[in-house]
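# Understanding the architecture of this molecule
Here is what each chain is made of, one letter per residue.
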Amino acid sequence: MSGSISRRGAVLGGMGLAAAPLAAKAAAAGPAPDAAGALEAGRRAVLGMVGDFHVRFDTRETVPFVQDYEPADPAIHAGDEVVRVIEDTGATLRLQHILVVRQGGQTFTIRHWRQDWTFEPDAVLTYAGADTWRLVPTTADSRRGLWGQTVWNTDDSPRYGALGAWVHDRGVSRWTSQPTLRPLARRDAAANPPYDRYACVNRHALTPKGWVHEQDNAKVGTRAGQDATFVHEVVINTYDRAEGFDAAPAEAYLAATQAYWNGVRGEWDKVIAAGAGLWLREAPQTGSAAGPALMGLADQVQAGEIALDAALGLAGAIIAEATRRPG
């Protein structure tokens, strides 16, 4: 994000002020280094997630909590992914993920998710359900020693985020989030399920081979006019360092589109800052309604088919339309 949101690049995501005591409890569960120590140890851990990886995505619904719900079969997918630092201000690190796909003797790249990490952020953007996020300030006590992680869609629109503590003990560096709400992932949203959001906890941990992202998800929706948990889900995404695949196309995409995506992030920031959050039309296949058009403009910029200023002008209009409340 640009500096338009907060003095440190606010972390956007989480459940709001009510979750702050939970974050404080998470911090108290492990060693509590001083602020400088927590900052430096956290930075080392975040930078440990940078590199070239073979990724295994393992998704499993476990226990149903409504009588007529049948858990889905486990789903396992794999691929190669490049993770690069696209901004480092000291207290904020932004990591961009790019999928690298080989097909028919050719290598393709797909812009994937982005994760931002901020030490002691000033605010979080709360996913409140039904296309709505709210920007909520943190207090000095609630954020002390904690890192916020925010995850963004392929078009740099927000998905989810939370505060949590990086704990370094028993030979492992691990970050555990506060409980947070999240919009549905494409794997579920496209299937038109009876639930409409996740209540979840995320963990990131460094491993001897790379790192792992673990999710504990409760899939929540409305049943008989009340909130109901339909099923629990466990997701384990394993990132093992890999050699031998061609990361050059991913590097080329990042270089060619960096200025465009910097500008797009600035446009999202302006909308969020102006409204202390945003309303954004979600889309099952793309995360947000702005996704296809913004991604298409990036492809045109990379191909030299449109000038940067013109692309950013169109991007601003696309974001304005996608964030305009109906009525």
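Everything that follows concerns the structure shown earlier in this document.
Residues numbered from 1 in each chain as written. Predicted model: local features only at pLDDT ≥ 70, side-chain atom pairs only at ≥ 80, totals over all residues. Heavy atoms only, no water.

## A look at the environment of V172
Filter applied, for reference: Runs of E in the DSSP output that reach at least two residues are strands. Runs of H or I that reach at least four are helices, and both are numbered from the N terminus. We call two residues contacting when some pair of their heavy atoms lies within 4.5 Å.
Along the polypeptide, V172 turns up in strand β9 (residues 172–177). Apart from the residues lying within four places of it in its own chain, the contact partners of V172 are V167, A205 and L206.

## Side note on the packing of helix α5 (residues 248–275) against helix α6 (residues 291–303)
To be explicit about the condition: Working convention: axes come from line fits to C-alpha atoms, limited for helices to the stretch in contact. Angles between N-to-C directions cover 0 to 180 degrees. Throughout, the term roughly parallel applies to angles under 35 degrees, roughly antiparallel to angles over 145, roughly perpendicular to angles from 65 to 115, and oblique to all others. In a left-handed crossing the near helix is turned counterclockwise from the far helix by less than a right angle, and in a right-handed crossing that turn is clockwise.
Close contact between α5 and α6 brings their axes to 9 Å; oriented N to C, the two are set at 140°. Taken together, the axis directions place α5 and α6 in an arrangement best described as oblique. When you trace α5 past α6, the crossing you get is right-handed. In this structure, α5 contributes A252, Y253, A256, T257, Y260, W261, V264 and W268 to the contact, and α6 contributes L294, M295, L297, A298, D299, V301 and Q302.

## A closer look at the packing of aromatic side chains
What counts is decided by this rule: Note on aromatic contacts: the rings of Phe and Tyr and the six-membered ring of Trp form a pair at centre separations within 6.5 Å, being stacked when their planes are under 30 degrees apart, edge-to-face when over 60 apart, and tilted otherwise. Throughout, exposure labels follow a simple rule: accessible area from a 1.4 Å probe, protein chains only, divided by the maximum for the residue type, with under 20% read as buried, over 50% as exposed, and the rest as partly exposed. The rule is short: NZ of Lys or CZ of Arg within 6 Å of the ring centre and within 35 degrees of the ring normal puts a charge over the ring.
Throughout the structure, instances matching the rule amount to 10 aromatic pairs. Between the aromatic rings of F53 and W211, the centroid separation amounts to 6.3 Å while the plane-to-plane angle is 90°, which identifies the pairing as edge-to-face. With F53 in strand β1 (residues 51–64) and W211 in strand β12 (residues 210–223), this residue pair connects regions lying 158 residues apart in the sequence. Across this residue pair, the class does not change: F53 and W211 are buried. A centroid spacing of 5.5 Å and a plane angle of 40° characterise the contact between W117 and W166, whose relative ring orientation is tilted. Separated by 49 residues along the polypeptide, W117 in strand β4 (residues 106–119) and W166 in strand β8 (residues 158–169) bring together distant segments of the chain. Taken together, the aromatic side chains of F53, W211 and Y239 make up a single cluster linked through ring pairs. One cation-aromatic arrangement involves R111 over W261; the distance from NZ or CZ to the ring centre is 3.8 Å. For the cation-ring pair, R182 lies above Y160, with the distance from its terminal atom to the ring centre recorded as 4.6 Å.

## Some remarks on the sheet that holds strand β6 (residues 132–137)
For clarity, the cut-off: Here the rule is simple: two strands pair whenever DSSP picks up at least two bridges between them.
If you trace the 3 strands from one edge of the open sheet to the other, you get β5-β6-β14, paired in antiparallel fashion. The sheet is open, and its two borders are formed by β5 (123–129) and β14 (277–279), each paired with just one other strand. Neighbouring strand axes in the sheet, compared pairwise and without regard to direction, differ in orientation by 20° on average. The pairing of β5 with β6 spans 6 bridges and is antiparallel. Across the sheet, residue Y127 finds its bridge partner in β6, namely W133. Most of the contacts of α5 go to β14, to which it runs at about 105°, and overall it touches β5, β6 and β14.

## Focus on the nonpolar core
The criterion, for reference: Nonpolar cores are built from buried Ala, Val, Leu, Ile, Met, Phe, Trp, Tyr and Cys residues. Side-chain atoms within 4.5 Å join them into one set.
Ranked by internal contacts, the top residues of the largest apolar core, which has 31 residues, are Y260, W261, V264, W268, L278 and L294. Counting only elements with at least two residues in this core, the list comes to β3 (92–103), β5, α5, α6 and α7 (308–322). Per-element accounting of this core gives the leading share, 8 residues, to α5. Those residues within four positions of W268 in sequence are excluded, and the remaining contacts are D155, D156, S157, L278, L280, A290, L294, I319 and T323. Counting 22 residues, the second-largest nonpolar core is a separate cluster that includes L39, V46, L95 and Y239.

## With respect to the pairing of β9
Here is the key point about a regular strand: its side chains alternate between the two faces of the sheet. Of the two faces of β9, the one lined by S173, W175 and S177 is fully buried and the one lined by V172, R174 and T176 carries no buried residue. Sheet topology places β8 next to β9; 6 bridges connect them, and they run antiparallel. Directly across from H168, in β9, lies its bridge partner S173. Between β8 and β9, which pair antiparallel and follow one another directly, the connecting turn spans 2 residues, one of which, R170, has a positive phi of 50°. Bridge count between β9 and strand β11 (residues 195–206): 3 bridges; the pairing is antiparallel. Across the sheet, the residue bridging to R174 is A205, located in β11.

## Let's talk about α6
Note the threshold: Multiply 1.5 Å by the residue count of a helix minus one, and that product is the helix's expected span. The reported arc concerns the directions from the helix axis to the C-beta atoms and nothing else.
For α6, spanning 13 residues, the distance from its first C-alpha to its last is 19 Å, which sits close to the expected 18 Å at 1.5 Å a residue. Every buried residue of α6 is accounted for by G291, L294, M295, L297, A298 and V301. Seen along its axis, α6 keeps its buried residues to an arc of 155°; they face one direction. On the buried face of α6, the contacting elements are β4, α5, β16 (287–288) and α7. Within two residues after α6, G304 carries a phi angle of roughly 75°, on the positive side.

## What about the environment of A91?
Here A91 shows up in the loop between β2 (75–88) and β3. Judged by relative accessible area, which is 18%, A91 ranks as buried. What A91 contacts, discounting residues up to four positions off in sequence, is L39, W117, T118, F119 and W147.

Purely geometric stuff here, so don't read any function into it on its own.
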